[in-house]
Structures are given as C-alpha cells and as structure tokens.
Amino acid sequence: MHVKTAEFYKSSAKYEQCPQESLPDYAFIGRSNVGKSSLINSLCKQSNLAKTSSTPGKTQLINHFLINKKWFLVDLPGYGFTKVPVKVREKWETMTHHYLTQRKQLITIFVLIDSRHEPMDIDLQFMHYLAENDLPFSIVFTKADKNGKQKLEANIHYYKSVLRQDWKELPPIFITSSKTHMGRTEILEYIESLNVML
Ligand code: GTP
Ligand code: MG
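The notes below deal with the structure included here.

Procedures and definitions
- Residues numbered from 1 in each chain as written.
- Chains lettered and ligands numbered in written order.
- Predicted model: local features only at pLDDT ≥ 70, side-chain atom pairs only at ≥ 80, totals over all residues.
- Heavy atoms only, no water.
- Pairing = 2+ DSSP bridges.
- Helix = DSSP H or I, 4+ residues; strand = E, 2+ residues; numbered from the N terminus.
- Axes fitted to C-alpha atoms, helices over the stretch in contact; angles between N-to-C directions.
- Contact = heavy atoms within 4.5 Å.
- Buried < 20%, exposed > 50% of the residue type's maximum accessible area, 1.4 Å probe, protein only.
- Salt bridge = Lys/Arg side-chain N within 4 Å of Asp/Glu carboxyl O.
- Phe/Tyr/Trp six-rings, centres within 6.5 Å; stacked < 30°, edge-to-face > 60°.
- Disulfide = S-S within 2.5 Å.
- Core = buried A, V, L, I, M, F, W, Y, C linked by side-chain atoms within 4.5 Å.

Here the focus is the sheet that holds strand β3 (residues 62-67). Here seven strands make up an open sheet; going across it, the order is β1-β3-β4-β2-β5-β6-β7 and the pairing mixed. Taken across any chain shown, the strands that pair with only one partner, and hence form the sheet edges, are β1 (6-12) and β7 (173-175). Recorded for the sheet is a direction-independent mean angle of 25° between the axes of neighbouring strands. The pairing of strand β6 (residues 137-142) with β7 spans three bridges and is classified as parallel. Each residue of the ladder has a partner; that of V140, found in β7, is F174. Sitting on the sheet, helix α3 (residues 121-132) touches β2 (25-30), β5 (106-114) and β6, and the angle it makes with β5 is about 170°.

If you want it as structure tokens, here you go:
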C-alpha cells in the first residue's frame, strides 16, 4: 500500500472526543519512549507528523492521523512512565482504557516493544489485559537498528520463547526501525489486508 496522504486530524483528551467518522482506527501503544510516534512518522515517511522526543511522556493525548483519507493511525500516550504524578498517570490510563475498550472503529492494536530489552512484566501484563478484553493485537519490535544483527535475532528469539510460556499461539510480529524504515512495508501491507476485509 502506498501512503499518498497523511495528515494530522485531531487530538482528543477523552475517548468521546475522538473522530465520529466510521473510518477504521489502527492504534499504536507501548511504554513511554519505545518509539510509537517515530514509527508513525516512518510509516508515513514524514519526519514531524507525530511529535517525538527523547524525554518520555511526550504524547499525552489520543492523536488521530488520517491516511489516504480512508483510515486512521492512532498515536496513544505511553504507559509505564513513572515520572509523572499518580493522578496524571491515572488520567492517561483511564483515557486509554476507555478508548481501547469502547472505540467501535478500532480494528487492531500494535503493541510496541523495544528490541533491545528483555521482556518486561508491564508489557506482558498489558498483552494479557488486551486478550482479556478480546482486543486483537500485534507485537512490533522497535529500534532494530540499535542492535547488531545477531543480538537482534537472539533478543527476539528469547522474547518469543517467553511469550510461548503463556500463549498457545503468537500474534503477528513485526521487526522495525524508524531510522532505516525496516518493517514499514510489512506493517502497511498488514493494515491493507485488514482494510480490505472490512
Ligand atoms: P512517548 O510519546 O513519550 O510515549 O514516546 P514514543 O513512544 O512516542 O517515542 P518517540 O517516537 O518519541 O521516540 C523516543 C526516542 O527514541 C526519540 O529520541 C527517537 O528519536 C528514538 N527512536 C524512536 N524510534 C527509533 C528507531 O527506530 N531507531 C533509533 N535509532 N531511534 C529511535
Ligand atoms: Mg509519542
């Protein structure tokens, strides 16, 4: 699929404020600083569509980006960011929970995982939360360019072995780098394959 147009559409502080159109949503979520906004920019081949930052906690709202006037990429605030007051964190969590569980247009969720790190409880728990709520998801390993090839393969192999302890079947898995655009085509083709089924 070609991304012909990609435009910022709307930021929403509440699930109820999200776009009312019946177009499909593809949401990106993961720990703060994992590279969600960068990946959205990579998918759209634009450098500053979604705001990125080396300081965690940059994305604080539900951000909709309209692609090819037909579907939305959705940038969600990161979870697991401890350096904000509990009240603020709870507000983000409630907003995200309402969005994930009530948004009818949500087709699938991409859970981003930093390919350099060992499996973390917070991510594994989040995947269980999605499964408990019957929410379909894929795993996207990010920042692949920051590993050597062997290290990358070993990390992902290990991650899958940890997942297999809990899951009979693994979800779709993508390995990406926003720097080199690795994995970009695969994710866009996957989204297209879901779009044609709607
Ligand atoms: P929050 O909005 O704070 O939750 O963060 P985020 O998940 O949107 O992360 P963001 O895209 O802002 O990226 C965080 C930092 O990681 C930035 O400094 C990016 O430049 C860097 N980064 C993201 N993806 C990649 C990647 O694929 N390769 C490299 N080398 N750096 C990356
Ligand atoms: Mg962000």
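Regular strands show a simple pattern: their side chains alternate between the two faces of the sheet. Burial within β2 is extensive, with six of its six residues counted as buried. The alternating pattern of β2 places D25, A27 and I29 and Y26, F28 and G30 on opposite faces, both of which are buried.

What follows concerns the pattern of salt bridges. By the definition in use, this model includes four salt bridges. Here E7 and K69 are joined by a salt bridge, their closest N and O atoms 3.0 Å apart. You can see E7 sitting in strand β1 and its partner K69 sitting in the loop between β3 and β4 (71-75), a full 62 residues away along the chain.

Below, the discussion takes up the packing of aromatic side chains. For any pair of aromatic rings, the description consists of the separation of the ring centres together with the inter-plane angle of the planes. All chains considered together, the criterion is met by eleven aromatic pairs. Ring geometry for F8 versus F65: centroids 5.7 Å apart, planes at 65°, classification edge-to-face. Taken as a pair, F8 in strand β1 and F65 in strand β3 lie far apart in primary sequence, 57 residues in all. For F8, a relative accessible area of 46% puts it in the partly exposed group. Ring geometry for F174 versus Y190: centroids 5.4 Å apart, planes at 50°, classification tilted. One end of the pair, F174, is in strand β7; the other, Y190, is in helix α5 (residues 184-195), and 16 residues separate them in sequence.

Counted according to the given criterion, the structure contains zero disulfides. The thiol sulfur of C18 is not disulfide-bonded, and the nearest other cysteine sulfur, from C44, lies at 17 Å. Given the relative accessible area of 1%, C18 is considered buried.

Turning next to the nonpolar core. Nonpolar side chains in soluble globular proteins generally cluster together in the buried interior. Y99, L100, I109, V111, M127 and L130 are the most contacted members of the largest nonpolar core, which totals 32 residues. Listed by contribution, the elements that provide at least two residues to this core are β2, β3, β4, α2 (86-102), β5, α3, β6 and α4 (149-164). The contacts of V111, once residues within four sequence positions are left out, are I29, Y79, F126, M127, L130, F137, S138, I139 and V140. Grouped together as the second largest cluster of nonpolar side chains are 22 residues, F28, W71, F110 and L194 included.

What is shown is where atoms sit, not what they do.
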